[in-house]
Amino acid sequence: MKFELENTLFCGQSFSWRKCDDGNFKAVLENKIHCVIEGQSEFDPFMTHYLDNEFDYNGTLQEITKLDPILNSAIKECGEIHILNQDLWETVIGFMLSQNNNIKRIEGLYDKMSKTFGSKIEDGYYSFPRPEQLKNVTEYDLRSLGVGFRAPYLLDAIKRSDDILSVVNLSDEKADKILQDTKGIGPKVSACIRLFGLHNMEVFPKDVWIKRVMSTWFPGKDEDYFKPYQGLSQQYLFLYARTHGFE
DNA sequence: GGCCAGGCCCCAG
DNA sequence: CTGGGGCATGGC
């Protein structure tokens, strides 16, 4: 199966990437501009790990294909997509911004936060701000960017950033609790952070799309049906439902 | 121009 | 513990 770079970067797990007019995909990660393009097969060490290219997706997807016919269709249509190894802090804030929001606007807010509080790499490219860079930010500053009712949530996350970043060393259950102790992080946002920021591949985030997917395509079933491939299954169903629609 | 968006908080029962 | 209103903002 062929790796689908664009589907991987734009399937809703990351808010860092932009498609440029020349067809390249660009993002600022680790204070560096990264540029990749569809069809590319060689990546530098950072991107190789970021794209999770060391994992055997081919074998895993063959297993999932056998699990269920709808997943089989989703995998056929979407191709080989990977779960990224993203920075935890960027994932935390990204998915806090995501609640009751749409992806276009999440990306816009993500860019505004980078431009306003991050470090300039070169013209038009800014790193996403680290917790230290957000230390003195006020609720007014955040509301001015357009984050709306999420402003106090972000402030709480900034205040608790040390605890939040410490969850990399904790068990899944403890990580989930500490994340949800933050204002504005509930079950779904925590699940997204754990899947996309901690690479907990057995988490199954349930947003409005996945709830629709479950009630229409998998009535009576729950996430255990997809064991032990909950994370990947969820991402295929999310992308498939959004692009293909419900029939 | 109203509906909706990768939900969560808060408060009633 | 479960259900539903309210929430800022702007894309469509």
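How each quantity is defined
- Residues numbered from 1 in each chain as written.
- Chains lettered and ligands numbered in written order.
- Predicted model: local features only at pLDDT ≥ 70, side-chain atom pairs only at ≥ 80, totals over all residues.
- Heavy atoms only, no water.
- Buried < 20%, exposed > 50% of the residue type's maximum accessible area, 1.4 Å probe, protein only.
- Helix = DSSP H or I, 4+ residues; strand = E, 2+ residues; numbered from the N terminus.
- Contact = heavy atoms within 4.5 Å.
- 1 Å grid on protein atoms, 1.4 Å probe; cavity = no way out; pocket = protein on both sides within 12 Å on 5 of 7 lines; lining within 4 Å.
- Points joined across faces, edges and corners; volume = space filled by probe spheres on them.
- Nonpolar A, V, L, I, M, F, W, Y, C, P; charged D, E, K, R; others polar.
- Domains from an automatic or database assignment.
- Near = heavy atom within 4 Å.
- Polar contact = N/O pair within 3.5 Å; in protein donor to acceptor, adjacent residues only side chain to side chain.
- Salt bridge = Lys/Arg side-chain N within 4 Å of Asp/Glu carboxyl O.
- Core = buried A, V, L, I, M, F, W, Y, C linked by side-chain atoms within 4.5 Å.
- Phe/Tyr/Trp six-rings, centres within 6.5 Å; stacked < 30°, edge-to-face > 60°.
- Buried area = accessible area lost by both parts, 1.4 Å probe.

### Examining helix α8 (residues 151–159)
Listing the buried residues of α8 in full gives Ala-151, Leu-154, Asp-156, Ala-157 and Ile-158. The secondary structure elements touched by the buried residues of α8 are α5 (88–97), α6 (103–117), α7 (139–145) and α9 (161–165).

### Some remarks on empty space enclosed by the protein
Evaluation of the coordinates by the stated rule reveals one cavity of 30 Å³ or more. Here the largest cavity defines a volume of roughly 50 Å³. Contributing to the lining of the largest cavity are Gln-13, Ser-14, Phe-15, Ser-16, Gln-86, Glu-90, Thr-91, Gly-94, Phe-95 and Tyr-110. The leading source of residues in the lining of the largest cavity is α5, at four residues. For the lining of the largest cavity, the per-class residue count stands at three nonpolar, six polar and one charged. Shared between two domains, the lining of the largest cavity holds at least three residues of each, these being domain 1 (5–84 + 204–244) and domain 2 (88–196).

### What to know about the protein's contact with DNA strand B
Near DNA strand B there are 29 residues, and of these Asn-101, Ile-103, Arg-212, Gln-234 and Arg-242 occur at the shortest range. The share of sugar and phosphate among atoms of DNA strand B within 4 Å of the protein is 60%. Gln-235 places a polar side-chain atom, nitrogen or oxygen, 3.0 Å from a base oxygen of DNA strand B. For the surface near DNA strand B, the secondary-structure elements that each account for two or more residues are α11 (187–196), α12 (208–217) and α13 (230–244).

### Some remarks on the pattern of salt bridges
Tallied over the entire structure, the rule returns twelve salt bridges. The residue Lys-2 makes a salt bridge to Glu-4 at a minimum N-O spacing of 3.4 Å. According to the relative accessible area criterion, Lys-2 is exposed, its value standing at 57%. In this structure, Lys-66 and Glu-63 form a salt bridge, with 3.4 Å as the shortest nitrogen-oxygen distance. Here the residue Lys-66 and the residue Glu-63 both occupy positions in helix α3 (residues 57–67), the gap between them amounting to three residues, near one helical turn.

### Topic: the nonpolar core
Of all hydrophobic cores here, the largest spans 60 residues; its most connected members are Ile-93, Met-113 and Tyr-236. Core analysis: the next-biggest nonpolar cluster, separate from the first, contains 13 residues, Phe-3, Leu-9, Ala-27 and Leu-51 among them.

### Quick look at the packing of aromatic side chains
In this description, an aromatic ring pair is defined by two values, namely the gap between the centres and the angle between the planes. Applying the stated criterion across every chain yields a total of 14 aromatic pairs. Consider the rings of Phe-15 and Phe-95, whose centres lie 5.0 Å apart with planes at 55°: the pair is tilted. In this pair, Phe-15 is assigned in the loop between α1 (5–9) and β1 (18–19) and Phe-95 in helix α5, connecting sequence segments 80 residues apart. Owing to a relative accessible area of 5%, Phe-15 belongs among the buried residues under this scheme. On the accessibility criterion, Phe-95 (4% relative accessible area) is buried. Judged by centre distance (5.1 Å) and plane angle (80°), the ring pair of Phe-218 and Phe-226 falls under edge-to-face. This pair shows no difference in class: Phe-218 is buried, exactly as Phe-226 is.

### Topic: the domain arrangement of chain A
By the assigned domains, chain A splits into domain 1 (5–84 + 204–244) and domain 2 (88–196). Spacing between the C-alpha centres of domain 1 and domain 2 amounts to 21 Å. Residue-level contacts link 22 residues of domain 1 with 19 residues of domain 2. Across the domain 1 to domain 2 interface the summed buried area is about 1,700 Å²; carbon plus sulfur atoms make up 69%. Inspection of the region where domain 1 meets domain 2 yields two salt bridges. A salt bridge links Asp-111 to Arg-18; the nearest nitrogen and oxygen atoms lie 3.0 Å apart. Joining domain 1 to domain 2, the criterion identifies four residue pairs in polar contact (both at pLDDT 80 or more). Mapped onto the side of domain 1 that touches domain 2, the elements with two or more residues apiece are β2 (25–29) and α13. For the side of domain 1 that touches domain 2, the element with the most residues is α13, which contributes five residues.

### Some words on the layout of surface pockets
The probe, sized like a water molecule, is rolled over the atoms to show the empty space still left. Here the largest pocket defines a volume of roughly 500 Å³. Around the largest pocket sit 26 residues that line it, and Ser-98, Lys-188, Asp-207, Val-208 and Phe-238 are the ones nearest its centre. Elements represented by at least two residues in the lining of the largest pocket include exactly α6, α11, α12 and α13. Among the elements that make up the lining of the largest pocket, the one with the highest residue count is α11 (five residues).

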